[in-house]
Amino acid sequence: MKHSRRRFLRLATTASALPAVSRFAWAQTYPARPVTILVPAPAGGPTDAIARIMAERMRGLLGQVVIVENSFGGAGGSIGVGRAARAAPDGHTVCIGHWQTFVTNGATYALPYDLVSDFEPISLIVNSPQFIVSKNAVPAKDLRELIAWLKANPGKALAGSPGSGSPAHIAGVYFQKITDTRFQFVPYRGAAQAIQDLLAGQIDIIITNASAALPLLRNGTIRAYAVTAKTRMSTAPDVLTVDEAGLPGFYFSLWHGFWVPKGTPKSIIARLNATVVETLAEPAVRSRFAGLGQEIFPRERQTPEMLAAFQNAEIEKWWPIVKAAGIKAE
């Protein structure tokens, strides 16, 4: 009887240790097969471009193929992020996400996963402050004049946005709140279509990303009033910050980071983080991001802990704004 009981306990102990042994084996052999970067956005957009720049260098550092897979499916990228949440926690599925997919989607959608507890952070990647721009026909020459013009014409100006709950929409709602202005939102399928209508004079203003705005600013086809950051962008040094332009504290950025599913071994997270850090230090990578108007986060912020803290701070800032405005995704 005692012999049988000892044998039972030994078997039970062995069985309970199997998951830990398996996770240790994953860490020791990682990566054992191609690594997939899930992009919860369509091909050709800023998030897709960032993922492909990163993947190109990460292949050599990881010694494995790194596949970029667009898993959009609409819903503000929440479907693609959900797929990442359900992936095996072995480091072979990495999700690139941003301010909308890992912050505000939690306030605008009823998600079947938790944006914090169902993921492990890897690193912040790049920061993309937005530009407040208008068509050239708008009479305002600076941001103070723009706010005065909007106040003098309540509800008449048209602002482009890629739909309810999109970054441009939420930023526009926040802008209205702190400036006590009113304008109408015109929904588009994407930022590119909104920019086209801005150029055509169909809409008046938009808050948009640097990659879309910079080429047009350089050739003078649109007007920029401010960049939504504390410091000027190196790629657009003549554009004032919101503090300088007369709207202090209106900070807004479509930043990007990497996450993996909850339960991924710490050694794999450390390996991925080291790979991201080395990739972001490459001069060629830095040059390509600068060309897209993307600013690489400082080295001291490229840690899992800093991404976790920043994500939580952004949730605390933006969720009350979104909920108070009653914004619900379409």
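An account of the accompanying structure is given in this report. (Residues numbered from 1 in each chain as written. Predicted model: local features only at pLDDT ≥ 70, side-chain atom pairs only at ≥ 80, totals over all residues. Heavy atoms only, no water.)

Where helix α10 (residues 266–281) meets helix α11 (residues 283–291), the closest approach of the two axes is 5 Å, and the angle between their N-to-C directions is 75°. By the angle class used here, α10 and α11 are roughly perpendicular. Every residue of α11 that contacts α10 at Thr279, Leu280 and Ala281 is listed here: Pro283, Val285, Arg286 and Phe289. Split by residue class, the contact of α10 with α11 holds five nonpolar, one polar and one charged. (Axes fitted to C-alpha atoms, helices over the stretch in contact; angles between N-to-C directions. Helix = DSSP H or I, 4+ residues; strand = E, 2+ residues; numbered from the N terminus. Parallel < 35°, antiparallel > 145°, perpendicular 65-115°, else oblique. Contact = heavy atoms within 4.5 Å. Nonpolar A, V, L, I, M, F, W, Y, C, P; charged D, E, K, R; others polar.)

Let us look at the nonpolar core. Core analysis: the largest hydrophobic core is formed by 47 residues, its most contacted members being Ile132, Leu143, Leu146, Phe175, Phe250, Trp255 and Trp318. If one sorts the elements of this core by residue count, helix α12 (residues 304–324) sits on top with six residues. One finds Tyr30, Val35, Ile122 and Ile269 within the second-largest nonpolar core, a separate group that totals 29 residues. (Core = buried A, V, L, I, M, F, W, Y, C linked by side-chain atoms within 4.5 Å. Buried < 20%, exposed > 50% of the residue type's maximum accessible area, 1.4 Å probe, protein only.)

This next bit is on the sheet that holds strand β11 (residues 256–261). The strand order β2-β1-β3-β11-β4 describes an open sheet built from five strands, whose pairing is mixed. In this open sheet, the two edge strands, each paired with only one partner strand, are β2 (66–70) and β4 (119–124). When the angles between neighbouring strand axes are averaged without regard to direction, this sheet yields 30°. Here β4 pairs with β11 via five bridges, running antiparallel. Bridge pairing links Pro121 to Trp259 in β11. Packing of helix α4 (residues 99–108) onto the sheet brings it into contact with β3 (93–98), β4 and β11, and relative to β3 it is tilted by some 70°. The strands touched by α10 are β3, β4 and β11; relative to β4, the strand with the most contacts, the crossing angle is about 20°. (Pairing = 2+ DSSP bridges.)

All right, on to the pairing of β2 then. Relative to β2, strand β1 (residues 35–39) runs parallel, the two being bridged by five bridges. Looking at the pairing, Val39 lines up with Asn70 of β2. With helix α2 (residues 46–62) bridging β1 and its parallel neighbour β2, the resulting β-α-β unit is right-handed. (Right-handed = clockwise from strand over helix to strand, strands pointing away.)

Another aspect to go through is the pattern of salt bridges. Enumeration according to the criterion identifies nine salt bridges in this entry. Glu56 is paired through a salt bridge with Arg288; the nearest N and O atoms lie 3.3 Å apart. One end of the pair, Glu56, is in helix α2; the other, Arg288, is in helix α11, with 232 residues separating them in the sequence. For Arg288, a relative accessible area of 41% corresponds to the partly exposed category. Through salt bridges with shared partners, one network takes in Arg57, Glu278 and Glu282. (Salt bridge = Lys/Arg side-chain N within 4 Å of Asp/Glu carboxyl O.)

One can find Ile206 in strand β9 (residues 205–209). The spacing of Ile206 and Gly76 is 130 residues in sequence and 19 Å in space, taken between C-alpha atoms. Those residues in contact with Ile206, other than ones at most four positions away along the chain, are Phe131, Ile132, Val133, Gly160, Ala194, Ile195 and Leu198.

Our next topic: the side chain of Thr181. Note on placement: Thr181 falls in the loop between α6 (167–179) and β8 (184–187). In this structure the side chain of Thr181 is engaged in a polar contact, spanning 2.8 Å, whose partner is the side chain of Thr179. Setting aside residues no more than four positions away along its own chain, Thr181 makes contact with Ile147, Leu150, Lys151, Phe175 and Gln176. (Polar contact = N/O pair within 3.5 Å; in protein donor to acceptor, adjacent residues only side chain to side chain.)

Below, the discussion takes up the environment of His92. Relative to the elements of secondary structure, His92 occurs in the loop between α3 (78–85) and β3. For His92, a relative accessible area of 6% translates into the label buried. For His92 and Glu56, which are 36 residues apart along the polypeptide, the C-alpha to C-alpha distance reads 16 Å. Beyond its immediate sequence surroundings of up to four residues, His92 is in contact with Tyr30, Pro31, Ala32, Arg33, Pro34, Val35 and Thr36.

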